[in-house]
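Report on the structure
Now for the letters of each chain:
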Amino acid sequence: MKGKLIVFEGIDGSGKTTQMQILGRRLERQGFPVVYTREPGGTRVGESIRGILLDPLYREMEPQTEALLYAAARAQHVAQLLQPALAAGKVVLCDRFLGSSLAYQGFGRGLSLEFIDHINNLATGGLKPDLVLIFDLSPCLCLKRIGAQVNELDRLEREEMAFHRRVREGYLTLARREPACCRVIDGRQTVEQVHETVWREVERFLREANAGNK
Ligand SMILES: Nc1ncnc2c1ncn2[C@@H]1O[C@H](COP(=O)(O)OP(=O)(O)O)[C@@H](O)[C@H]1O
Ligand SMILES: [Mg+2]
């Protein structure tokens, strides 16, 4: 079997990292060679760019700058880690990928989707994920899981909620745009229930990929 790129998408607190770890362990128990990685990051250069992106010091960062930095980290990730791992037949589990750029920089910050697609095509050389799992959960519930109370939010944090609602809509739009590879997963259930849904999707995907010898 050729390598497979399985991507975990969704807003912060939607369960991506939790589900990626559980799925990875199950795949490993079944003998699949699993590689875990994340964006922005996954490489030395990418992790440094991640530091710039997440540092609250850079309040003045323009949305275009932000989008280009994500794409720059992605270019390094694709060349240094993703392509080699996929060529070696690994199942790569990636915490965030292209979908995050469309949802956050496109729908969240309002950059044109053409711009996002364009710079990311340059970054990936056309590499697309094989399967995108989108964990769908309201921003309210996500915040609760991360530990905040909605009624304690200040003005800026409430704006943040509106931002996350746009991002969530962005993900759902992406899922409609690319139904062949995207699966929207209801993130409201327990960790175990969500995992069973993920497993059903991944098992079916791997079986079909294997049958088609892709
Ligand atoms: N299905 C779930 N039900 C309740 N809590 C969850 C569920 N999935 C994850 N969590 C908890 O919610 C928080 C955010 O989950 P995490 O996997 O880190 O999300 P993400 O990586 O998308 O930000 C963590 O504290 C995690 O333990
Ligand atoms: Mg996470």
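Before reading further, recall that the structure is shown in the block above.
Residues numbered from 1 in each chain as written. Chains lettered and ligands numbered in written order. Predicted model: local features only at pLDDT ≥ 70, side-chain atom pairs only at ≥ 80, totals over all residues. Heavy atoms only, no water.

1. Description of the overall build of the protein chain
Operational definition: Under the scheme used here, helices are H or I runs from DSSP no shorter than 4 residues and strands are E runs no shorter than 2 residues, and both carry numbers assigned from the N terminus. Here the radius of gyration uses the C-alpha set of atoms, whereas the globule reference equals 2.2 Å times the residue count to the power 0.38. Three exposure classes are used, based on accessible area relative to the maximum for each residue type with a 1.4 Å probe and protein chains only: buried under 20%, partly exposed in between, and exposed over 50%. Contacts are assigned to residue pairs that have any heavy atoms within 4.5 Å of one another. Surface accessibility follows the Shrake-Rupley procedure with a 1.4 Å probe radius. Residue values consider only the protein chains on display as shielding.
On a plain count of helices and strands, the protein chain comes out with eight helices and five strands. In sequence order, the protein chain lays out its α and β elements as β-α-β-α-α-β-α-α-β-α-α-β-α. Expected size for 214 residues packed as a compact globule is a radius of gyration near 17 Å; at 17 Å, the protein chain falls within 12% of this value. In terms of principal-axis extent, the alpha carbons of the protein chain reach across some 50 × 40 × 30 Å. Sorting the 214 residues of the protein chain into buried and exposed places 46% on the buried side. Intrachain contacts of the protein chain at a sequence separation of at least 6 include 78% that bridge at least 24 residues. Of the accessible surface of the protein chain, which amounts to about 11100 Å², a share of 51% is contributed by carbon and sulfur atoms.

2. A few points about a nonpolar patch on the surface
Using the following cut-off: Any residue with relative accessible area above 30% and no salt bridge may belong to a patch, with like charges joined within 9 Å and the nonpolar Val, Leu, Ile, Met, Phe, Trp and Tyr side chains within 5 Å. By salt bridge we mean one thing: a side-chain nitrogen of Lys or Arg within 4 Å of a carboxyl oxygen of Asp or Glu.
The grouping of Ile52, Leu57 and Tyr58 at the surface amounts to a nonpolar patch, some 270 Å² of accessible area in total. Structurally, Tyr58 is set in the loop between helix H2 (44-54) and helix H3 (63-87).

3. Overview of the sheet that holds strand S4 (residues 131-136)
Here is the rule: Here, a strand pair is defined by DSSP locating no fewer than two bridges between the strands. To obtain each axis, a line is fitted to C-alpha atoms, and for helices this fit is confined to the stretch in contact; angles are then taken between N-to-C directions over 0 to 180 degrees.
Ordered in space as S2-S3-S1-S4-S5, the five strands form an open sheet in which the pairing is parallel. The sheet is open, and its two edges are formed by strand S2 (34-38) and strand S5 (182-186), each paired on a single side. Averaged over all neighbouring strand pairs, the angle between strand axes comes to 20°, with direction disregarded. Alignment of S2 against strand S3 (residues 91-95), held across five bridges, turns out to be parallel. In the sheet register, Tyr36 faces S3, and the bridge partner there is Leu93. Those strands touched by helix H8 (residues 191-211) are strand S1 (4-9), S4 and S5, and its axis lies near 165° from that of S4.

4. Remarks on the pattern of salt bridges
By the definition in use, this model includes 10 salt bridges. Measuring nitrogen to oxygen at the nearest pair gives 3.2 Å for the salt bridge that ties Asp12 to Arg96. Of this pair, Asp12 sits in the loop between S1 and helix H1 (16-29) while Arg96 is found in the loop between S3 and helix H4 (98-108), placing the two residues 84 residues apart along the sequence.

5. A look at the site of ligand 1
Note the following rule: Working definition: residue near molecule or strand if any one of its non-hydrogen atoms lies within 4 Å of it. Side-chain atoms alone can form a polar contact between residues adjacent in sequence; in general such a contact is a pair of N or O atoms within 3.5 Å, and within protein one must be able to donate a hydrogen while the other accepts it. For this scheme, ten residues count as nonpolar: Ala, Val, Leu, Ile, Met, Phe, Trp, Tyr, Cys and Pro. Four count as charged, namely Asp, Glu, Lys and Arg, and the remainder, Gly too, count as polar.
Surveying the vicinity of ligand 1 reveals the residues Ile11, Asp12, Gly13, Ser14, Gly15, Lys16, Thr17, Thr18, Arg145, Gln189, Thr190 and Val191. Within the side chain of Thr17, a nitrogen or oxygen atom sits 2.7 Å from an oxygen atom of ligand 1. One of the side-chain nitrogen or oxygen atoms of Thr18 is found 2.5 Å away from an oxygen atom of ligand 1. In the complex, the protein chains occlude 66% of the 550 Å² of accessible area that ligand 1 would expose alone. Sorting elements by how many residues they give to the shell around ligand 1 places H1 first, with three residues. Split into classes, the residues belonging to the shell around ligand 1 amount to two nonpolar, seven polar and three charged.

6. Quick word on the side chain of Arg50
Heads up, the rule is: Think of it this way: Lys and Arg go in the positive column, Asp and Glu in the negative one, and His and the chain ends go nowhere.
Locating Arg50 in the fold gives a position in helix H2. Buried charged residue Arg50 carries no salt bridge. Nearest counter-charge: Glu47, at 4.4 Å. Reaching out from Arg50, the side chain makes a polar contact with the backbone oxygen of Pro40 at a distance of 2.8 Å.

7. Remarks on the layout of surface pockets
Here is the rule: Both site types are read off a 1 Å grid over the protein atoms alone. A 1.4 Å probe that fits but cannot get out defines a cavity, while an open set with protein on both sides within 12 Å along at least five of seven lines defines a pocket; lining residues have an atom within 4 Å of a point. Grid points are joined across faces, edges and corners, and a volume is the space filled by probe spheres set on the points.
Of the volumes computed, that of the second largest pocket is approximately 220 Å³. Those elements that provide at least two residues to the lining of the second largest pocket are S1, H4, helix H5 (113-124) and helix H7 (155-177). Taken together, the residues that form the lining of the second largest pocket break down as nine nonpolar, five polar and five charged.

8. Examining the environment of Pro63
Secondary-structure assignment places Pro63 in helix H3. C-alpha of Pro63 to C-alpha of Glu169: the two residues are 106 residues apart in sequence and 19 Å apart in space. In contact with Pro63, other than residues within four places in its own chain, are Arg109 and Leu111.

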